[in-house]
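# Examining the three-dimensional arrangement
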Amino acid sequence: MKNISLNKEPIELAVGIKYIVIDALYINEIRLECPNLIGDNLLNEIRSTVFPHTDTPLAEYTPLEKVFTVDKIKKVDYNQIDFEDSSVFSTDTGVIIFVNEKIFIDFISKFDFDELVDSSSELLNIANWSSIVEDFNFSDSAIIVSPGVNSGVEFDGSGTYKIE
Amino acid sequence: MDFVPIAGGVKDIYKGINEGNGWMVALGAGSIVLDVFTLGGSSLVKGGIKTGVKVGARSVASSAANGGGQLLLTAGQLHKHHVMPQQFRKWFAQRGISNIDDYAVQIGQSTHLKGVHGKGLGTQLPGGRNSQWGSFIKANPNASPSEIFHQAEGLLKRYGLEHLRYVPYK
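Residues numbered from 1 in each chain as written. Chains lettered and ligands numbered in written order. Predicted model: local features only at pLDDT ≥ 70, side-chain atom pairs only at ≥ 80, totals over all residues.

## Regarding helix α7 (residues 129-139) of chain B
Every buried residue of α7(B) is listed here: B:R129, B:N130 and B:W133. Buried residues in α7(B), looked at end-on, bunch into an arc of 100 degrees, giving them a common side. Those residues of α7(B) that are exposed and aimed more than 90 degrees away from the buried face are B:S135, B:K138 and B:A139. Of the surrounding secondary structure, the elements contacted by the buried residues of α7(B) are α1 (24-33) of chain A together with α6 (109-117) and α8 (145-158) of chain B. (Buried ≥ 20, exposed ≤ 12 C-beta atoms within 10 Å, placed from the backbone. Helix = DSSP H or I, 4+ residues; strand = E, 2+ residues; numbered from the N terminus. Arc of directions from axis to C-beta. Contact = placed C-beta atoms within 7 Å.)

## Focus on the sheet that holds strand β10 (residues 159-163) of chain A
Residue and element names in this part refer to chain A. Read across the open sheet, the three strands follow the order β6-β10-β7; overall the sheet is antiparallel. Sheet topology places β6 (73-75) and β7 (88-91) at the edges, where each strand pairs with a single neighbour. In this sheet, adjacent strand axes meet at a mean angle of 40 degrees when their direction is disregarded. (Pairing = 2+ DSSP bridges. Axes fitted to C-alpha atoms, helices over the stretch in contact; angles between N-to-C directions.)

## Examining the interface of chain A and chain B
Contacts between chain A and chain B engage 28 residues on the former and 26 residues on the latter. Within the residue set of the side of chain A that touches chain B, elements represented by two or more residues are α1, β7, α4 (113-116) and β10 of chain A.

## So, the sheet that holds strand β8 (residues 95-100) of chain A
Residues and elements named next belong to chain A. One open sheet holds the five strands; their spatial order is β1-β9-β8-β3-β4, and the pairing between them is mixed. Each edge of the open sheet carries a strand with a single partner, namely β1 (4-5) and β4 (58-61). In this structure, β1 lies alongside strand β9 (residues 141-145), joined through two bridges in parallel fashion. Note on β9: the bridge partner recorded for S5 is I144. Running over the sheet, α1 touches β3 (19-23), β8 and β9 and is turned about 100 degrees from β3.

## Describing the environment of B:S146
All names here are of chain B. As for its position among the elements, S146 is in helix α8. When the 16 C-beta atoms within 10 Å are taken as the criterion, S146 is described as partly exposed. For S146 and I97, which are 49 residues apart along the polypeptide, the C-alpha to C-alpha distance reads 9.9 Å.

Right, here's the structure in full:
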């Protein structure tokens, strides 16, 4: 098991750890800006500097239980969002990454979305994902691919979502 | 005549191929063609008009061959895909388009991840869709809604997705 969810499989997180939840593609944007980020308040800086055109580029999530199921990701009406609610995020690819905040910079330095999805036989390049996470603890990171429409969960692709 | 959703056509093809059922493949392909010729008015043109913007008429005939073929190759689980990216949602709203959730289509997972957002799939799905929007916004920070819809239409054509029907986001 590599903490990957391709078809609604639950992922494993660490209780009480703060995770950044973000579209996998957006990590590429952060990596490009990394040298310019000061880091005093990294998440706010990422929000304002890297993603000036969205209010919800990433979510912050601290699990209360070890097992995270995909049905906890709920679709929200953008016009009803409380922008102070840090559990809301947007995605364009329908591929989201959970990363322990403490390893975030190290993680993004190894991550590349194009490489992650570069496989002719699989949806994700599993070898690439394995090479990214091999230096971290198992529950430091996880990836969820939207299982798609009519899958029984609300996470069906691009959109704005909230983690319950 | 009411529409036959494009997704139904794709699923029929996919199921037909998996089950070795040639009739189902034919039925799926037929429904895609039906979509193309019955749903032209339900696309960005209609969306543009809804937003008070008129966008020029577009050809759907060529997309039957191009887009349909791509979908056939990449059928599987379908993802919702916003034509105007979430990443630039505030900019779209500032430019007068606050309803980007009205412009979502359904495409195969692999097409979505690799062909639209990744490095690309072949010559017809060039990937890097958000980067293309980013470049457009940088070059046209004060674009009008009409220009934005024109860009959206152009990208849909470039990725062979222009024949797809818009689906409810929620």
